[in-house]
Amino acid sequence: MEKIDHKKALKHLYQASTKKIDEVDVPALNYLMIDGLGDPNTTQAYAEAVEALFSVSYTAKFMIKKGTIGVDYSVMPLEGLWWADDMSVFTGNDKSQWKWTMMIMQPAIVTQQIIDIAIAEVAKKKKLPAIPLLRFESFTEGRCAQILHVGPFSEEGPTIERLHQHIQRHATLSGKHHEIYLSDIRKAAPDKWKTIIRQALK
């Protein structure tokens, strides 16, 4: 059976350095997405959103692995787009007013039909409140700068500032603050957490 590791196939997008800032072109990719509002540490809706994303992503993976396509692949990491209507709230760390889109990239072999079936399967087996809020769509980020942060999310500030200063020397910030969570925070110590910080530019 063919097995695909999309993190390796797209390593320029899913690997980054703590030492230098890389600029990358992010093409149109398909994502399973869900929107929400509030502090990710305390908002029940955030936990429900993440559970729904992974439940449907893994169901789609096993459908493809066991079905006629017969391809095995690794489920991609959780990603988040973050913003606030008043960006002073965002930079001031008032997380209760943060808006977010949590998402998981889906390989090209995952179609809308497969996602629809996977959502129906999960809805039948589990009573997950966030399931009806999921959507499957293409997202094109374009030209971005990114850097790897190692450590707790609460200590990202200097890394983000470094990234923004780099962009502002050459261009202007565009789009939403983007994070890619490479570590399983349930298992890894906070000082080992690896997060790609990405920001679109123009």
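Here's a quick rundown of the structure.

The rules we used
Residues numbered from 1 in each chain as written. Predicted model: local features only at pLDDT ≥ 70, side-chain atom pairs only at ≥ 80, totals over all residues. Heavy atoms only, no water. Core = buried A, V, L, I, M, F, W, Y, C linked by side-chain atoms within 4.5 Å. Buried < 20%, exposed > 50% of the residue type's maximum accessible area, 1.4 Å probe, protein only. Contact = heavy atoms within 4.5 Å. Helix = DSSP H or I, 4+ residues; strand = E, 2+ residues; numbered from the N terminus. Expected span 1.5 Å × (residues − 1). Lys, Arg positive; Asp, Glu negative; His and termini not counted. Salt bridge = Lys/Arg side-chain N within 4 Å of Asp/Glu carboxyl O. Polar contact = N/O pair within 3.5 Å; in protein donor to acceptor, adjacent residues only side chain to side chain. Pairing = 2+ DSSP bridges. Axes fitted to C-alpha atoms, helices over the stretch in contact; angles between N-to-C directions.

1. Description of the nonpolar core
Counting residues in each nonpolar core, the largest one holds 48 residues, and the members touching the most others are Val 56, Met 102 and Leu 134. For Leu 134, the residues in contact, after removing those within four places along its chain, are Leu 32, Met 33, Ile 34, Ala 52, Leu 53, Val 56 and Ile 119. Formed by 9 residues, the second largest nonpolar core is a distinct cluster that contains Ile 160, Leu 163, Ile 167 and Ala 171.

2. Overview of helix α3 (residues 44–66)
Relative to the 33 Å expected for 23 residues at 1.5 Å per residue, α3 spans 33 Å between its end C-alpha atoms, a close match to the ideal helical length. Among all positions of α3, only Tyr 46, Ala 49, Val 50, Ala 52, Leu 53, Ser 55, Val 56, Ser 57, Ala 60, Lys 61 and Ile 64 are buried. Packing partners of the buried residues in α3 comprise β2 (22–37), β3 (71–73), β4 (78–83), β5 (99–106) and α5 (112–125).

3. Details of the side chain of Asp 39
You can see Asp 39 is positioned in the loop between β2 and α3. Despite being buried, Asp 39 has no salt bridge partner; Lys 95 is the closest side chain of opposite charge, sitting 5.0 Å away. For Asp 39, the side chain forms a polar contact with the main-chain nitrogen of Asn 41, separated by 2.8 Å. Non-local contacts of Asp 39, meaning those with residues more than four positions away in its chain, are made with Lys 95 and Ser 96.

4. Observations regarding the sheet that holds strand β8 (residues 194–201)
Strand order in the closed barrel formed by 6 strands is β2-β5-β4-β7-β8-β6, and the pairing between neighbours is antiparallel. For this sheet the average axis-to-axis angle between neighbouring strands, irrespective of direction, equals 45°. As paired elements, β4 and β5 share 6 bridges and run antiparallel to each other. When the sheet's bridge partners are listed, Leu 78 is paired in β5 with Ile 104. Set on the sheet, α3 makes contact with β2, β4 and β5; between it and β5 the angle comes to about 10°. This element, helix α6 (residues 157–170), spans β2, β6 (135–150), β7 (173–181) and β8 of the sheet and lies at about 100° to β6.

5. Examining the pattern of salt bridges
Here the structure, examined in full by the defined rule, presents 13 salt bridges. Among the ionic pairs, Lys 3 bridges to Asp 72, the shortest N-O distance being 3.9 Å. Taken together, the residues span a long stretch of sequence, with Lys 3 in strand β1 (residues 2–4) and Asp 72 in strand β3 at a distance of 69 residues. Under the relative-accessibility criterion, Asp 72 is labelled buried at 9%. Between Arg 143 and Glu 23 there is a salt bridge, with its nearest N and O atoms 3.4 Å apart. Note that Arg 143 is positioned in strand β6 and Glu 23 in strand β2, a separation of 120 residues in sequence. Beyond isolated ion pairs, a larger network of salt bridges with shared partners links Lys 3, Lys 61, Lys 65 and Asp 72.

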